[in-house]
Amino acid sequence: MPDTTRSASVTRTVRRLLLAVGVMFGFGFALVPLYNVLCEVAGINGKSVALTSGASSTAPSEAGPTGREVTVEFVGNVNAELPWDFRPVASRMKVRLGEMAETSYVAHNRAGYAVTGQAVPSVAPGQAAKHFQKIECFCFTEQKLEAGEQKNMKVRFRVDRSLAEDINTVTLSYTFFDLHKGEHGDHSGHAKTGG
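Computed from a predicted structure; not experimentally measured.

Cut-off values and rules
- Residues numbered from 1 in each chain as written.
- Predicted model: local features only at pLDDT ≥ 70, side-chain atom pairs only at ≥ 80, totals over all residues.
- Heavy atoms only, no water.
- Helix = DSSP H or I, 4+ residues; strand = E, 2+ residues; numbered from the N terminus.
- Buried < 20%, exposed > 50% of the residue type's maximum accessible area, 1.4 Å probe, protein only.
- Contact = heavy atoms within 4.5 Å.
- Polar contact = N/O pair within 3.5 Å; in protein donor to acceptor, adjacent residues only side chain to side chain.
- Salt bridge = Lys/Arg side-chain N within 4 Å of Asp/Glu carboxyl O.

1. Comments concerning the environment of Asp85
At step 1: Topologically, Asp85 is positioned in strand E2 (residues 84-88).
At step 2: Relative accessible area serves as the criterion here: at 38%, Asp85 is assigned to the partly exposed category.
At step 3: Filtering out sequence-adjacent residues up to four positions away, Asp85 remains in contact with Val106, Ala107, His108 and Arg110.
At step 4: Among the polar contacts listed, one links the side chain of Asp85 to the side chain of Arg110, at a separation of 3.0 Å.

2. Side note on the environment of Arg68
At step 1: Its location among the elements puts Arg68 in the loop between helix H2 (49-52) and strand E1 (69-78).
At step 2: Assessed through its relative accessible area of 18%, Arg68 is described here as buried.
At step 3: In the structure, Arg68 is positioned 30 residues away from Gly98 in sequence and 9.3 Å away in space, judged by C-alpha atoms.
At step 4: At 3.1 Å, the side chain of Arg68 forms a polar contact with the backbone oxygen of Leu163.
At step 5: A polar contact is formed between the side chain of Arg68 and the backbone oxygen of Ile167, at a distance of 2.5 Å.

3. Observations concerning the pattern of salt bridges
At step 1: Applying the stated criterion across every chain, the model contains 5 salt bridges.
At step 2: For Arg110, the salt bridge identified is with Asp85, shortest N-O distance 3.0 Å. A residue pair is termed long-range when its members are at least 10 positions apart, and Arg110 in the loop between strand E4 (100-109) and strand E5 (115-124) and Asp85 in strand E2 qualify at 25 residues.
At step 3: With relative accessibility at 48%, the residue Arg110 sits in the partly exposed group.
At step 4: With a shortest N-O distance of 3.7 Å, Arg156 and Glu102 are connected by a salt bridge. One end of the pair, Arg156, is in strand E8 (residues 150-159); the other, Glu102, is in strand E4, with 54 residues separating them in the sequence.
At step 5: For Glu102, a relative accessible area of 44% translates into the label partly exposed.

Now the structure itself:
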């Protein structure tokens, strides 16, 4: 009898521990979207509704471009788990406030299998985020690169005329994350044995 009771107690404890591990694992995956939502709502870390949605393309511009120019710097990063190279084609450019501008980034999948990534943008300084409007951006959708594929990704944007006078440089930064992290084990194994 004591062995049966002890066995049942151990089984319950193991189930509870497994459930706790599952909940913590799920919470870890939920942190990135929760962080992004918090940053958008609070307007911190250079994230804003205009930055991460296509809605800005329908917003009317304030009477066209002005003569004032600002420098926009471009930065590209990848999460350590993502086997990509990712960089801006140009590291900086001058743009007139209110004028439509365009640039692009290049991504290259170094892996021997297809990988799907998602770019998370941010703008610095934080006060400039609400004045940086994305019209067209690869960050609006998932990006899938086949094994060895290289892709040119376009960004069309406008810096609003109401940007504070003391801001002369705005930095647009992207970090790409692997959307299916940990699901490539079989593919990478096949790639190694096939070569």
